[in-house]
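In case you want the letters, here they are:
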Amino acid sequence: GAFSMGPVAGLIILGLKSLIGCLTSSTMYVGELADFIMGAAFVLPAALIYQRNKSRKGALIGMAVGTVVATIVAVLRNLYIMIPFYGTAYGMPVEAIVGMGTAIIPAVDSTLKFVLLITAPFNVLKWVLISALTGLMYKPLSPILHGRKRAKTEAKAN
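The numbering scheme is per chain: residues are counted from 1 as the chain's sequence reads. Whole-chain, interface and lining totals are the exception, using all residues; otherwise, since this is a predicted model, local features are given only for residues with pLDDT of at least 70 and side-chain atom pairs are given and counted only at 80 or more. Side-chain metrics rest on all non-hydrogen atoms present in the structure, leaving aside hydrogens and water.

Asker: I'm lost on the side chain of T71 in this one. Help?
Answerer: The helix count covers DSSP runs of H or I at least four residues long, the strand count covers runs of E at least two residues long, and both are numbered beginning at the N terminus. With respect to the helices and strands, T71 occurs in helix α4 (residues 56-89). Excluding residues within four positions of it along the chain, T71 makes contact with A120, N123, V124 and W127. The contact definition used throughout considers only heavy atoms, calling two residues in contact when any of these lie within 4.5 Å.

Below is the structure:
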């Protein structure tokens, strides 16, 4: 949506997605807010870069920058919002959460290392996959999103 209609439209789409997510929230809306913030961290740079250079290269650079920015935001989000929230919400000391990470990766001995070694790679993978799917789907969908397919179909009918 952000590639087709611009960064503001992308943020509106994200906002609607988050509001729909609030209907079934189990995180007291903290997860939806954090997801919106991280999504915006991906969409804004990607859309702004693509808006200045509407080409495959512009889209790829935009999504790469969006992936880096969203991953940095995800690290900060997990470190300062999500892990403390879940620790408080479930009465679990942050040390117990870090301990779960240590069981998987022995080098994890702090919240920062938990976030950098466990959640950050997951977020990189998430945004790379989203970028790949966007790259595969955007061009075929672009004429439909811009109304060109309908115009061509109507012209053929006449």
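Asker: Mind showing me how you'd approach the packing of α4 against helix α6 (residues 111-145) here?
Answerer: The geometry of a pair of packed helices is captured by two quantities: the angle between their axes and the separation between those axes. Between N-to-C directions, angles span 0 to 180 degrees; the directions come from axes that are lines fitted to C-alpha atoms, helices contributing only their stretch in contact. Interaxial distance between α4 and α6 falls to 8 Å at its minimum, and their mutual angle equals 150 degrees. Classified by the angle between their axes, α4 and α6 sit roughly antiparallel to one another. The element α4 and its partner α6 pack so that their crossing is right-handed. The labels follow the angle: roughly parallel below 35 degrees, roughly antiparallel above 145, roughly perpendicular from 65 to 115, and oblique for the rest. Rotating anticlockwise by less than a right angle from the far helix to the near helix defines a left-handed crossing, while the corresponding clockwise rotation defines a right-handed one.

Asker: Looking at this structure, I do not really get helix α2 (residues 7-22). What am I missing?
Answerer: Think of an α-helix as turning once every 3.6 residues; residues three or four places apart then point the same way. Multiplying 1.5 Å by the residue count of a helix minus one yields the expected span of that helix. Here α2 spans 23 Å end to end across 16 residues, near enough to the 22 Å set by a 1.5 Å rise per residue. Those residues of α2 not exposed but buried are P7, A9, G10, L14, G15 and S18. Those residues of α2 that are buried lie in contact with α1 (2-5) and α3 (30-52). For every residue, the accessible area (1.4 Å probe, protein chains only) is compared with the maximum for its type, and the residue is labelled buried under 20%, exposed over 50%, or partly exposed between those bounds.

Asker: Could you clarify how one ought to interpret the packing of helix α5 (residues 94-104) against α6 in this entry?
Answerer: Between α5 and α6, whose axes approach to 9 Å, the crossing angle comes to 40 degrees. Comparing their axes, α6 and α5 come out oblique. The handedness of the crossing between α5 and α6 is left-handed. For the pair α5 and α6, contact is made by V94, I97, V98 and G101 and by T111, F114 and I118, respectively.

Asker: Where do I start with the pattern of salt bridges in this structure?
Answerer: Pairs can form between side chains of opposite charge once their charged atoms are near each other. Any carboxyl oxygen of Asp or Glu within 4 Å of a side-chain nitrogen of Lys or Arg constitutes a salt bridge here. For the structure shown, the criterion picks out three salt bridges. In this structure, D35 and K17 form a salt bridge, with 2.4 Å as the shortest nitrogen-oxygen distance. Highlighted residues: D35 in helix α3 and K17 in helix α2, separated in sequence by 18 residues. Look at D35 and you get partly exposed, because its relative accessible area is 23%.

Asker: Where do I start with a nonpolar patch on the surface in this structure?
Answerer: Patch membership requires more than 30% relative accessible area and the absence of a salt bridge. Residues of like charge join within 9 Å; the nonpolar side chains Val, Leu, Ile, Met, Phe, Trp and Tyr join within 5 Å. Residue burial considers only the protein chains on display, and all accessible areas are found by Shrake-Rupley using a 1.4 Å probe. Taken together, the side chains of L33, I37, V68, I72, L76, Y80 and I81 make up a nonpolar region of the molecular surface, amounting to roughly 680 Å² of accessible area. Those elements that provide at least two residues to the nonpolar patch are α3 and α4. Here the element with the most residues in the nonpolar patch is α4; it accounts for five residues. Secondary-structure assignment places I37 in helix α3.

Asker: I would appreciate a short explanation of the packing of aromatic side chains in the present structure.
Answerer: Pairs of aromatic rings are described using the distance from one ring centre to the other and the angle between the two planes. Working definition: a ring pair exists when centres of Phe, Tyr or Trp rings (six-membered ring for Trp) sit within 6.5 Å. Plane angles under 30 degrees give stacked, over 60 give edge-to-face, the rest tilted. Under the definition given, this model contains six aromatic pairs. When the centroid spacing of 5.8 Å and the interplanar angle of 10 degrees are considered together, the rings of Y86 and Y90 count as stacked. When its relative accessible area of 53% is taken as the criterion, Y90 is described as exposed.

Asker: Would you mind going over the nonpolar core with me for this structure?
Answerer: Soluble globular proteins: nonpolar side chains tend toward being buried together. Formed by 17 residues in total, the largest nonpolar core has its most connected members in F3, F42 and A70. At the level of elements, α1, α3, α4 and α6 are the ones that each hand at least two residues to this core. Looking at this core, the element that brings in the most residues is α3, giving eight residues. Of all hydrophobic cores here, the second largest spans nine residues; its members include V75, L79, V98 and V115. What is meant by a nonpolar core is a set of buried Ala, Val, Leu, Ile, Met, Phe, Trp, Tyr and Cys residues, joined one to another through side-chain atoms within 4.5 Å.

Asker: Would you explain the confidence of the model for the chain in this entry?
Answerer: As a note on interpretation, predicted positions should not be read in detail where pLDDT is low. Looking at any residue, its pLDDT shows the predictor's confidence there, from 0 to 100. Residues of the chain with pLDDT of at least 70 account for 93%, and the chain-wide mean is 89. Per-residue pLDDT, averaged within each element of the chain, yields its smallest value for helix α7 (residues 148-157) (52) and its largest for α5 (94).

Asker: Can you walk me through the environment of S131 in this structure?
Answerer: By the element assignment, S131 lies in helix α6. Exposure remark for S131: the relative accessible area of 11% places this residue in the buried category. Taking the C-alpha atoms as reference points, S131 and L60, separated by 71 residues in sequence, lie 8.0 Å from one another.

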